[in-house]
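Remarks on the overall topology
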Protein chains: 2
Amino acid sequence: MSARAARRRQAAGERASASPWKPARERARERESKREAVLLGAARVFRERGVHNTTLDDIAAFLNVTKPTLYYYLTNKEQIIFECFRLGIGRITAVLAELGALEGTGREKLAVLARRYAQVMASDFGWCMVRVEDHDLSPAVARRLKSMKSEIDQGIRGLIREGIADGSIRDCDPKMAAFALAGALNGIGHWYRAGEPLTAAEIATRFIELFERGLEPG
Amino acid sequence: MSARAARRRQAAGERASASPWKPARERARERESKREAVLLGAARVFRERGVHNTTLDDIAAFLNVTKPTLYYYLTNKEQIIFECFRLGIGRITAVLAELGALEGTGREKLAVLARRYAQVMASDFGWCMVRVEDHDLSPAVARRLKSMKSEIDQGIRGLIREGIADGSIRDCDPKMAAFALAGALNGIGHWYRAGEPLTAAEIATRFIELFERGLEPG
């Protein structure tokens, strides 16, 4: 590097560190992480007070910010509810997408999905996800939510069908088996609390064993 | 019977049928059945509109009665929510009580309980039962509700322990198995709708088979 190029680079570095504005990409990253922090805070307040009893003021107070700061990230309570749901369910659909390309039996893939599902349900978003009702949402948002739920449901049924086809799952009613499994996993969102002695992974292990082997002595 | 006694009896019968007031016992029975009809109507309106969006006016309109008539049977919305829950859960605890005196293995008794539980969840009260939150209720009522839920939970765990002891159920974590089963059954309250092709009994049969035998090919 020439002495002149080195001086130019140093000057640019000094300008950048002297500027009170961060580079655009970093700002976008920060904004996204703050938005998630808002959703996480909201999810905790929802659980504490119930979705209906929670106001945007409650969420702002919990996060130590003003309501206008909140509005910078999310426009209203419905959007917050929806985004909490979407963030959680997105972690489940992400696994479904990965599983499509993976080797393994239907039953093995179903176990991978159940494990992630249990983790999401034990997260701060779990309670909110199982508590959101269509009645709380505008018809348009309720439809989007329903379609995301349906994607998970169809994904589970698909893995069960795959397992039946490859011989790893006993012949059964895929719809009812999917409903039973999802019901058990959603239950975690209802009862799981901080301080629960089992981790999400330990709960998942017990649930998967139960659904794979059943209660009958083997 | 003397002619005089027969006349007296006939006169009494005419008086009774001529009276616009029914005997006390019959009135009590009617009141109870009307109270249940109010709760059933309320449960249907709750499901239709959501518990939070339902007013006593909505319930009165659905039942074609005035609000004072509603107040004759139930004092406020919280009581209606609670009584819907109690009526449903009472049908499950009733089976638990009967099972204590019955012959059979723990697994057989668990299946009987699961069958009744599924029926309650598919009834009009199911949706309301799985949707009621502590946040919707006063602390005193929330405590009573929690204690009823706990009775069912402990009952299920007890039957699982009984099954493990008598060898009809594989060694497992009774708490997690009870949570998984109750979660799956509560799920019915969330997804079951009029027009669902399977009856509650058919759903119960599939769920019980799944929980007994598991997904692994046998």
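The sections below set out a description of the structure shown in this document. (Residues numbered from 1 in each chain as written. Chains lettered and ligands numbered in written order. Predicted model: local features only at pLDDT ≥ 70, side-chain atom pairs only at ≥ 80, totals over all residues. Heavy atoms only, no water.)

In this structure the tally under the stated criterion is 28 salt bridges over all chains. Note that lysine 22 of chain B is salt-bridged to glutamate 30 of chain B, the shortest N-O span being 2.7 Å. Owing to a relative accessible area of 28%, glutamate 30 of chain B belongs among the partly exposed residues under this scheme. Between glutamate 83 of chain B and arginine 86 of chain B there is a salt bridge whose closest N-O contact spans 3.1 Å. Here glutamate 83 of chain B and its partner arginine 86 of chain B are both found in helix 5 (residues 77-100), three residues apart, which amounts to about one turn of the helix. A single network of salt bridges, built from pairs that share partners, joins Arg35, Glu83 and Arg86 of chain A. (Salt bridge = Lys/Arg side-chain N within 4 Å of Asp/Glu carboxyl O. Buried < 20%, exposed > 50% of the residue type's maximum accessible area, 1.4 Å probe, protein only. Helix = DSSP H or I, 4+ residues; strand = E, 2+ residues; numbered from the N terminus.)

Contact with chain B, which involves 45 residues of that partner, is made by 45 residues of chain A. Of the roughly 4,000 Å² buried at the junction of chain B and chain A (both faces included), carbon and sulfur atoms supply 60%. Considering only the surface of chain B that becomes buried against chain A, His135, Arg170 and Leu215 of chain B emerge as the three largest contributors, covering 21% of it. Taken together, the links from chain B to chain A amount to eight salt bridges. For the salt bridge of aspartate 173 of chain B with arginine 206 of chain A, the shortest nitrogen-to-oxygen distance reads 3.0 Å. There are 25 residue pairs in polar contact (both at pLDDT 80 or more) connecting chain B and chain A. Contributions of two or more residues to the side of chain B that touches chain A are made by helix 2 (24-49), helix 6 (106-122), helix 7 (124-131), helix 9 (174-191) and helix 10 (200-213) of chain B. In terms of residue count, helix 9 of chain B provides more of the side of chain B that touches chain A than any other element does, nine residues in total. (Contact = heavy atoms within 4.5 Å. Buried area = accessible area lost by both parts, 1.4 Å probe. Polar contact = N/O pair within 3.5 Å; in protein donor to acceptor, adjacent residues only side chain to side chain.)

A few words on the packing of aromatic side chains. Each aromatic ring pair is specified by the distance between its two centres and by the angle formed by the two planes. Taken as a whole and judged by the stated rule, the model has seven aromatic pairs over all chains. Where tyrosine 72 of chain A meets tyrosine 73 of chain A, the ring centres are 4.9 Å apart and the plane angle is 80 degrees; that geometry is what we call edge-to-face. By relative accessible area, which is 49% here, tyrosine 72 of chain A ends up partly exposed. Residue class for tyrosine 73 of chain A comes out buried when judged on its relative accessible area of 13%. Taking 4.4 Å as the distance between ring centres and 50 degrees as the angle between the ring planes, the aromatic pair formed by tryptophan 191 of chain A and phenylalanine 179 of chain B counts as tilted. Of this pair, tryptophan 191 of chain A sits in helix 9 (residues 174-191) while phenylalanine 179 of chain B sits in helix 9, which puts the two residues in different chains. Here tryptophan 191 of chain A matches phenylalanine 179 of chain B in class, with each residue buried. In textbook terms, an aromatic cluster arises when at least three aromatic residues are bridged by ring pairs, as seen for Phe179 of chain A together with Trp191 and Tyr192 of chain B. When the ring centre of tyrosine 72 of chain A is taken as origin, the NZ or CZ atom of arginine 31 of chain A, which lies over that ring, is 4.6 Å away. (Phe/Tyr/Trp six-rings, centres within 6.5 Å; stacked < 30°, edge-to-face > 60°. Lys NZ or Arg CZ within 6 Å of the ring centre and 35° of its normal.)

Moving on to the packing of helix 2 of chain B against helix 5 of chain B. Residues and elements named next belong to chain B. Where helix 2 meets helix 5, the axes come as close as 10 Å, and the angle between the chain directions of the two elements is 100 degrees. Relative to helix 5, the element helix 2 lies roughly perpendicular. In this structure, helix 2 contributes Arg35, Glu36, Leu39, Ala42, Ala43 and Phe46 to the contact, and helix 5 contributes Lys77, Gln79, Ile80, Ile81, Glu83, Cys84, Leu87 and Arg91. By residue class, the composition of the contact of helix 2 with helix 5 is eight nonpolar, one polar and five charged. (Axes fitted to C-alpha atoms, helices over the stretch in contact; angles between N-to-C directions. Parallel < 35°, antiparallel > 145°, perpendicular 65-115°, else oblique. Nonpolar A, V, L, I, M, F, W, Y, C, P; charged D, E, K, R; others polar.)

All right, on to the side chain of aspartate 136 of chain A then. As for its placement among the helices and strands, aspartate 136 of chain A is situated in the loop between helix 7 (124-131) and helix 8 (139-166). Among buried charged residues, aspartate 136 of chain A stands out as having no salt bridge; its nearest opposite-charge side chain is arginine 131 of chain B, 6.6 Å away. There is a polar contact of 2.8 Å between the side chain of aspartate 136 of chain A and the side chain of histidine 52 of chain A. The residues touching aspartate 136 of chain A, leaving out its near neighbours within four places in the chain, are His52 and Arg131 of chain A. (Lys, Arg positive; Asp, Glu negative; His and termini not counted.)

Moving on: the environment of glutamate 216 of chain B. You can see glutamate 216 of chain B is positioned in the segment after helix 10. With sequence-adjacent residues up to four places away left out, glutamate 216 of chain B is seen in contact with Arg107, Ser168, Arg170, Glu212 and Arg213 of chain A.

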